[in-house]
Amino acid sequence: MMKTRILLVTFPSQGHINPALQFAKRLVGVGVEVTVATTIGALRRMYKNESSNKSLSFAGFSDGYDDGFNPNPDSDTLDHYFSKLSSVGPKSLAQLIVASSENGNPFTCVVYCTLLPWVAKVARELHVPSIFLWNQPAAVLSLYYHSFNGYGNFIKENINNPKFLLEVPGLPPLGSSDVPSFFNETNKNNTALPIMKQHLENLEEEANPLVLVNTFDDLESEALKSIDKYRLVGIGPLIPSAFLDGKDPSDTSFGADLFKGTNDYIEWLNSKPASSVIYISFGSISMLSKSQMEELALALVDVDRPFLWVMRENENEEERLDDTLSCKGELEGKGKIVPWCSQVGVLSHPSVGCFLTHCGWNSTFESLVSGVPMVSFPQWTDQPVNAKLVQDLWKTGVRVRANEDGTVEKEEFKRCIEMVMDDGERAQEMRRNAMKWKGLARETSKEGGSSDKNLKAFMLEVEESLQSIR
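Keep in mind it's a predicted model, so treat the numbers as computed, not measured. (Residues numbered from 1 in each chain as written. Predicted model: local features only at pLDDT ≥ 70, side-chain atom pairs only at ≥ 80, totals over all residues. Heavy atoms only, no water.)

### Let's talk about the environment of glutamine 428
So, step 1. Mapped onto the elements of the fold, glutamine 428 is located in helix H14 (residues 425-445).
So, step 2. Classification of glutamine 428 by relative accessible area gives partly exposed; the value is 33%.
So, step 3. Counting along the chain gives 32 residues from glutamine 428 to threonine 396, while the straight-line C-alpha distance between them is 9.8 Å. (Helix = DSSP H or I, 4+ residues; strand = E, 2+ residues; numbered from the N terminus. Buried < 20%, exposed > 50% of the residue type's maximum accessible area, 1.4 Å probe, protein only.)

Here it is as C-alpha cells:
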C-alpha cells in the first residue's frame with residue numbers, strides 16, 4: 001500500500017524555513033512522511049536537531065549559489081538572485097522528484113511555499129499534485145489578489161497621494177504607508193510583484209484552488225473569505241508545540257535553525273521582573289542604518305527600562321554596529337545585546353512586556369501567540385500591512401511614525417514604548433487583547449480546534465486523491 005509522502009519546498013531564508021518545518025512536524029504528527037526541501041546552500045547552514053523520527057527528512061536543490069548567498073534588500077542583488085533561482089531551481093528540483101520516484105519512494109503531493117511559484121509548474125509537468133502554502137497573513141494574499149484584479153491602476157496612480165485610501169475586502173482601510181513596499185514603483189526591489197502574480201496565475205489553472213495559510217480562523221475570519229475563487233484554509237500558528245498546544249513539550253525549537261547560539265540571555269531574563277523587558281529584533285534580513293540605530297539606542301537610554309536587543313553582526317563592516325553607538329556604555333548598563341536568540345522562547349518568557357519589531361509575519365504571529373503587545377517598526381514587503389493589522393484590527397500594539405526623511409526619531413520611540421509599557425488605559429487594552437489572541441491561538445491548535453480540523457481535512461483530501469489514482 002502506497003504511503004502518503006509529501007515534498008515540502010521552502011524558500012531558503014529563516015523566515016520561510018521555520019514555519020515550513022513546523023508544518024512538516026504537524027504532518028508527521030498525523031502519520032505522513034515529509035521531506036523538507038530547500039536550497040543546498042541553506043541546507044548546509046542549517047543546524048538540524050537529530051531525531052529518531054524516520055518520517056521527517058531533508059533534501060537540497062540548487063539555486064545556482066550552492067556555497068551560499070546573502071541577499072541585500074537595499075540593492076538589486078535580490079533581482080539577480082530570483083532570476084538565477086527560477087532558471088536553475090526547476091531542473092534541480094525535478095531531478096530530486098524523479099530520483100525519489102525511481103528509488104521506489106514517489107511523492108504523493110508537493111507543497112510549495114511563498115516566492116517559489118515555479119515549483120507548481122515542475123510538479124504539473126511530472127504529474128504530481130501540488131498545493132500552495134502561503135506563509136503571510138490571509139489579508140496580504142487578499143491584497144495582492146485584488147491588486148491584480150481591479151485595483152491595480154488605482155494603486156499605481158494614487159500610491160504617492162497623501163490622501164490615498166484603499167478599501168479591499170477583508171482588510172481595514174489602508175493608507176499609502178500601509179501597503180506592501182513593492183506597490184510603490186520607487187522601491188528598489190519590485191521582483192516580488194511578478195512573483196506574486198505568478199502564484200495567482202498558478203491557482204487560476206486549478207479547478208478548485210486551495211491555499212493553506214499560516215493563520216487561524218478567529219484571527220482572520222473576514223480575510224479568509226475575501227477571495228471567492230479560492231479556498232483559503234488556516235492551518236496556523238506554525239510555531240513549536242511547547243509554546244502553543246503542548247502536544248510535544250520537548251518541541252521548543254524549530255528543529256532546524258540557521259543559527260545556533262548560547263542561551264545565557266535566558267538567565268538574564270530570569271533575573272528581571274514580570275512584563276518589564278523590552279525585546280527588540282528586526283528579523284534575519286532587515287538592517288537598520290547607523291543613524292537609525294543611534295536614535296533607537298538613545299531612546300532606550302532615556303526610557304530606562306531593561307531591554308534585550310538582537311543585533312546581528314554586520315557582515316559588511318569591520319566592526320560591530322553597537323561599537324559605533326555614542327551611548328554604548330550607558331546602553332550596556334541598562335540592557336543586554338545579543339547576536340541571536342530563540343525568539344519564540346524569549347517572547348514566551350514572563351519578564352517580556354513589549355516587542356519592538358519590524359512586523360515580519362513570523363515575528364508578529366509569535367508575539368500574538370505569546371500574548372506580548374508590540375511596537376511596530378515595519379521596513380518593507382508585507383510588514384506595513386502587518387503593522388496596520390496589529391494596531392487597528394487586532395489592537396495589540398502601536399506603530400512608530402517616521403519623520404519626513406524616513407527616520408524614526410528618539411522621542412517617537414520613547415512615546416510608543418511608554419504607550420505600550422505604562423499603566424494607561426490604552427496599554428491595558430492592548431494587554432487584554434494580546435492575552436485574548438494568545439488564548440484563541442492555543443484553542444485553535446488543540447484537538448478539535450479549527451486549525452487542527454483544517455489540517456486533518458486537508459490530509460483526507462490528499463488521501464482520497466491518492467486512492468483515486470491507485
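### Quick notes on the packing of aromatic side chains
So, step 1. Scanning all chains against the criterion turns up 18 aromatic pairs.
So, step 2. When the ring of tyrosine 112 is compared with that of phenylalanine 132, the centres are 5.2 Å apart and the planes differ by 15°; the resulting orientation is stacked. With tyrosine 112 in strand E5 (residues 109-113) and phenylalanine 132 in strand E6 (residues 130-134), the pair connects residues that are 20 residues apart, well separated along the chain. Judged on exposure class, the residue tyrosine 112 and its partner phenylalanine 132 are both buried.
So, step 3. Relative to tyrosine 144, the ring of tryptophan 134 has its centre 6.2 Å away and its plane inclined at 80°; by these criteria the two rings are edge-to-face. You can see tryptophan 134 sitting in strand E6 and its partner tyrosine 144 sitting in helix H5 (residues 138-158), a full 10 residues away along the chain.
So, step 4. Through a chain of ring-to-ring contacts, the aromatic side chains of Tyr112, Phe132, Trp134, Tyr144 and Phe183 assemble into a single cluster. (Phe/Tyr/Trp six-rings, centres within 6.5 Å; stacked < 30°, edge-to-face > 60°.)

### Topic: the environment of serine 221
So, step 1. Along the polypeptide, serine 221 turns up in the loop between strand E7 (210-213) and strand E8 (231-234).
So, step 2. Between the C-alpha atom of serine 221 and that of alanine 138, which follows or precedes it by 83 residues, the distance is 9.2 Å.

### Thoughts on the sheet that holds strand E14 (residues 374-376)
So, step 1. Taken together, six strands build an open sheet; the order of strands is E12-E11-E10-E13-E14-E15 and the sheet is parallel. On the outer flanks of this sheet lie strand E12 (335-338) and strand E15 (397-399), each paired with one strand and no other. The average undirected angle you get between the axes of adjacent strands in this sheet is 15°.
So, step 2. The pairing of E14 with E15 spans three bridges and is classified as parallel. Across the sheet, residue methionine 374 finds its bridge partner in E15, namely glycine 397.
So, step 3. The sheet contacts of helix H8 (residues 290-303) involve strand E10 (277-281), strand E11 (307-310) and strand E13 (352-357), and relative to E11 the element is tilted by about 165°. (Pairing = 2+ DSSP bridges. Axes fitted to C-alpha atoms, helices over the stretch in contact; angles between N-to-C directions. Contact = heavy atoms within 4.5 Å.)

### Looking at the packing of helix H3 (residues 77-102) against helix H4 (residues 118-125)
So, step 1. In contact at an axis separation of 10 Å, H3 and H4 are set at 35° when each is read in the N-to-C sense. Every pair of crossing elements has a handedness; the one defined by H3 and H4 is right-handed. Contact with H3, carried on its side by Leu85, Ser86, Gly89, Pro90, Leu93, Ala94 and Ile97, involves Trp118, Val119 and Val122 of H4 and no other residues of that element.
So, step 2. Grouping the amino acids of the contact of H3 with H4 by side-chain chemistry returns eight nonpolar, two polar and no charged. (Left-handed = near helix turned anticlockwise from the far one by under 90°. Nonpolar A, V, L, I, M, F, W, Y, C, P; charged D, E, K, R; others polar.)

### Some details on helix H1 (residues 14-29)
So, step 1. Look at H1: 23 Å from first C-alpha to last across 16 residues, which is about the 22 Å you get at 1.5 Å a residue.
So, step 2. Once H1 finishes, glycine 31 follows within two positions and takes phi at roughly 90°, a positive value. (Expected span 1.5 Å × (residues − 1).)

### Things to note about unusual backbone geometry
So, step 1. Residues glycine 236 and proline 237 are joined by a peptide bond in cis, for which omega reads 5°.
So, step 2. Secondary-structure assignment places proline 237 in the loop between E8 and strand E9 (256-257).
So, step 3. Located in the positive-phi region is histidine 127, a residue other than glycine, with phi close to 60°.
So, step 4. Note on placement: histidine 127 falls in the loop between H4 and E6.
So, step 5. Despite not being glycine, aspartate 304 shows a phi value in the positive range, around 60°.
So, step 6. Among the structural elements, aspartate 304 can be located in the loop between H8 and E11.
So, step 7. Overall, the relative accessible area of 52% leaves aspartate 304 in the exposed class.

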